[in-house]
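The chain contents come next:
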Amino acid sequence: MSAAVQTKTSEAALEKAARRSTGQNVLFGLLIVLVLVWVIPLVFVVVNSFKGNIFISNEPFSLPTSKSSVGLDNYATGLALSGFASAMGWSLFITVGSVVVIVFLTAMTAYYITRIKTWWTAMIYYAFAFSMIAPFQMVMFPTVKVADMLGLATPWGMIVLYLGFGGGLSVFLFAGFIKSIPLEIEEAAYMDGCSPLQTYFKVVMPLLKPTAVTVAILNAMWVWNDFLLPNLVI
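Here is what the cut-offs are and how they apply
Residues numbered from 1 in each chain as written. Predicted model: local features only at pLDDT ≥ 70, side-chain atom pairs only at ≥ 80, totals over all residues. Heavy atoms only, no water. Helix = DSSP H or I, 4+ residues; strand = E, 2+ residues; numbered from the N terminus. Rg over C-alpha atoms; globule rule 2.2 N^0.38 Å. Buried < 20%, exposed > 50% of the residue type's maximum accessible area, 1.4 Å probe, protein only. Contact = heavy atoms within 4.5 Å. Areas by Shrake-Rupley, 256 points an atom, 1.4 Å probe, with all protein chains shown as cover. Phe/Tyr/Trp six-rings, centres within 6.5 Å; stacked < 30°, edge-to-face > 60°. Lys NZ or Arg CZ within 6 Å of the ring centre and 35° of its normal. Axes fitted to C-alpha atoms, helices over the stretch in contact; angles between N-to-C directions. Parallel < 35°, antiparallel > 145°, perpendicular 65-115°, else oblique. Left-handed = near helix turned anticlockwise from the far one by under 90°. Polar contact = N/O pair within 3.5 Å; in protein donor to acceptor, adjacent residues only side chain to side chain. Core = buried A, V, L, I, M, F, W, Y, C linked by side-chain atoms within 4.5 Å.

**With respect to the overall build of the protein chain**
Each helix and strand in the protein chain was counted, giving 11 helices and 0 strands. Secondary structure elements of the protein chain, listed N to C terminal, follow the sequence α-α-α-α-α-α-α-α-α-α-α. Compactness check: the protein chain gives a C-alpha radius of gyration of 29 Å against a globular reference of 17 Å for 234 residues, more than 25% above the reference. Seen through its principal axes, the protein chain has C-alpha atoms that stretch 80 × 70 × 35 Å. Going through the 234 residues of the protein chain one by one, you find that 24% of them count as buried. Across the protein chain, every contact between residues at least 6 apart in sequence was considered, and the portion connecting residues at least 24 apart equals 72%. On the protein chain, roughly 15,800 Å² of surface is accessible, and the fraction owed to carbon and sulfur atoms is 74%.

**A look at the packing of aromatic side chains**
Evaluation of the coordinates by the stated rule reveals 11 aromatic pairs. Measuring from centroid to centroid gives 5.6 Å for Phe50 and Tyr75, while their planes differ by 50 degrees, and the two rings are tilted. One end of the pair, Phe50, is in the loop between α1 (2–48) and α2 (53–58); the other, Tyr75, is in helix α3 (residues 73–82), and 25 residues separate them in sequence. Residue Tyr75 is classed as partly exposed on the basis of its relative accessible area, which comes to 37%. Seen in terms of ring centroids, Phe93 and Trp156 are 4.8 Å apart; in terms of plane orientation they differ by 70 degrees. Their pairing is edge-to-face. A residue pair is termed long-range when its members are at least 10 positions apart, and Phe93 in helix α4 (residues 84–115) and Trp156 in helix α7 (residues 155–178) qualify at 63 residues. Residue classification places Phe93 among the partly exposed residues on the basis of a relative accessible area of 28%. An aromatic cluster of at least three residues, connected via ring pairs, comprises Phe104, Tyr111, Tyr200 and Phe201. Seen from the ring of Tyr125, Lys179 lies directly overhead, with NZ or CZ sitting 5.1 Å from the centre.

**Notes on the packing of α7 against helix α10 (residues 209–225)**
The angle between the axes and the distance between the axes are what describe a pair of packed helices. Their axes nearest at 10 Å, the elements α7 and α10 cross at an angle of 155 degrees. Between α7 and α10, the angle is such that the two are roughly antiparallel. In the crossing of α7 with α10, the sense of the turn from one axis to the other is right-handed. Note on element contacts: α10 touches α7 through Thr211, Ala212, Val215, Leu218, Asn219, Trp222 and Val223, opposite Tyr162, Phe165, Gly166, Leu169, Ser170, Leu173, Phe174 and Phe177.

**Here we look at the side chain of Asn219**
Checked against the element boundaries, Asn219 lands in helix α10. Looking at Asn219, its side chain comes within polar contact range of the side chain of Ser170, at 3.2 Å. If sequence neighbours within four positions are ignored, Asn219 has contacts with Val99, Ile102, Gly166 and Ser170.

**So, the nonpolar core**
Val103, Ala110, Phe174, Val204 and Leu208 are the most contacted members of the largest nonpolar core, which has 18 residues in total. Looking at this core, the elements with two or more residues in it are α4, α7, α9 (196–207) and α10. In terms of residues, this core owes the most to one element, α4, which gives 7 residues. The residues touching Ala110, leaving out its near neighbours within four places in the chain, are Val171, Phe174, Ala175 and Ile178.

In structure tokens, the structure reads:
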């Protein structure tokens, strides 16, 4: 009886493994098709980038030949006309500057309004939370007007503007994490002679590294991909 049961169990296991293998093969085939759907158009774009304008229109699916190829001339012309190097440099400057300022200032703000329990720190916290709800379109034109009035229509001023727009979510994330840090750790630092600033930078800030990395990644992706605000302001 036990041998028969073992045989049936083995057959069921083999059948289940066969069904799983078939399902995996089907899924693998579908993924390959999706990859080809995305990659093939990119391949044609890259191939045609080495051709002259006439051959791109007349022979879009052929490989470059000695007659149709222009080498890297298209890339050189595009870089020269678009000012790509300068644009990339300013984009990198604004992104890195904004992320550093947002992480540094919002972490301290969240720490203060979380540890100091007063009615006005609560109001500040709710103001930051409300700023996440307000859509950008609602403050778009007032922001441009204020930026012109305050002289913020510069790459340096963009860092200040991004601090204002990115502060809400960043303070919210930092405040949520700071609430989970036991007060006993800070009290121990005070007893060891640390000042409030030393306690923050030597004890609290190292504990905020996971949240700081999350905030930095979210804001870096947002600032780097943002086009509308810089286009309106500068």
